[in-house]
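A structural walkthrough
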Amino acid sequence: MNVPNARLVDGKKFFWDGREYSARDDAATAQAGYERDGFEACTSEGEGTFLVYTRRVVRQVGEAKAN
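Report on the accompanying structure.

Here is what the cut-offs are and how they apply
- Residues numbered from 1 in each chain as written.
- Predicted model: local features only at pLDDT ≥ 70, side-chain atom pairs only at ≥ 80, totals over all residues.
- Heavy atoms only, no water.
- Helix = DSSP H or I, 4+ residues; strand = E, 2+ residues; numbered from the N terminus.
- Expected span 1.5 Å × (residues − 1).
- Buried < 20%, exposed > 50% of the residue type's maximum accessible area, 1.4 Å probe, protein only.
- Arc of directions from axis to C-beta.
- Core = buried A, V, L, I, M, F, W, Y, C linked by side-chain atoms within 4.5 Å.
- Contact = heavy atoms within 4.5 Å.
- Salt bridge = Lys/Arg side-chain N within 4 Å of Asp/Glu carboxyl O.
- Pairing = 2+ DSSP bridges.
- Axes fitted to C-alpha atoms, helices over the stretch in contact; angles between N-to-C directions.

1. A closer look at helix α1 (residues 24-36)
What sets the pattern is the α-helix's 3.6 residues per turn: residues three or four places apart point alike. With 13 residues, α1 extends 18 Å between its outermost C-alpha atoms, agreeing within 8% with the 18 Å of an ideal straight helix rising 1.5 Å per residue. All of the buried residues in α1 are Ala-27, Ala-30, Gln-31, Gly-33 and Tyr-34. On an axial view of α1, the arc spanned by its buried residues comes to 160°, and they lie on one face. Along α1, the residues that are exposed and aim more than 90 degrees away from the buried face are Arg-24, Asp-25, Thr-29 and Arg-36. Where α1 ends, the next residue or the one after it, Gly-38, has phi of about 95°, a positive value.

In structure tokens:
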């Protein structure tokens, strides 16, 4: 199956987690885990498998120091 590594959902870019789930419940469990970890996540169905896409917005940027 040729899976796109990224997709746009409502103008936001999400990245595939790299796994193909055979059941909708398995994908939903994975999605819930990502959401608990602070990611936005969505599920997509393709060719009899389910895919989970995630994204996380950077909330704080540290200071970069040059040597």
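2. A few points about the nonpolar core
Core analysis: the biggest nonpolar cluster contains seven residues, these being Tyr-21, Ala-27, Ala-30, Tyr-34, Ala-41, Phe-50 and Val-52. The contact partners of Phe-50, leaving out residues within four places of it in the chain, are Arg-19, Glu-20, Tyr-21, Ser-22, Ala-23, Arg-24, Ala-27, Thr-43, Ser-44 and Glu-45.

3. Examining the pattern of salt bridges
The full count for this structure, using the stated rule, is three salt bridges. Between Lys-12 and Glu-40 there is a salt bridge, with its nearest N and O atoms 3.3 Å apart. Taken together, the residues span a long stretch of sequence, with Lys-12 in strand β2 (residues 12-21) and Glu-40 in strand β3 (residues 40-46) at a distance of 28 residues. Here Arg-55 and Glu-40 are joined by a salt bridge, their closest N and O atoms 3.0 Å apart. In this pair, Arg-55 is assigned in strand β4 (residues 49-55) and Glu-40 in strand β3, connecting sequence segments 15 residues apart.

4. Brief notes about the sheet that holds β2
An order of β1-β2-β4-β3 is seen for the four strands of this open sheet, with the pairing classed as antiparallel. Only two strands of the sheet have a single partner each, and these edge strands are β1 (6-9) and β3. Going from strand to strand, the sheet's axes swing by 40° on average, the running direction of each strand aside. In terms of strand pairing, β2 meets β4 through four bridges, oriented antiparallel. Paired with Phe-15 across the bridge in β4 is Thr-54.

By themselves, these figures tell us nothing about what the structure is for.
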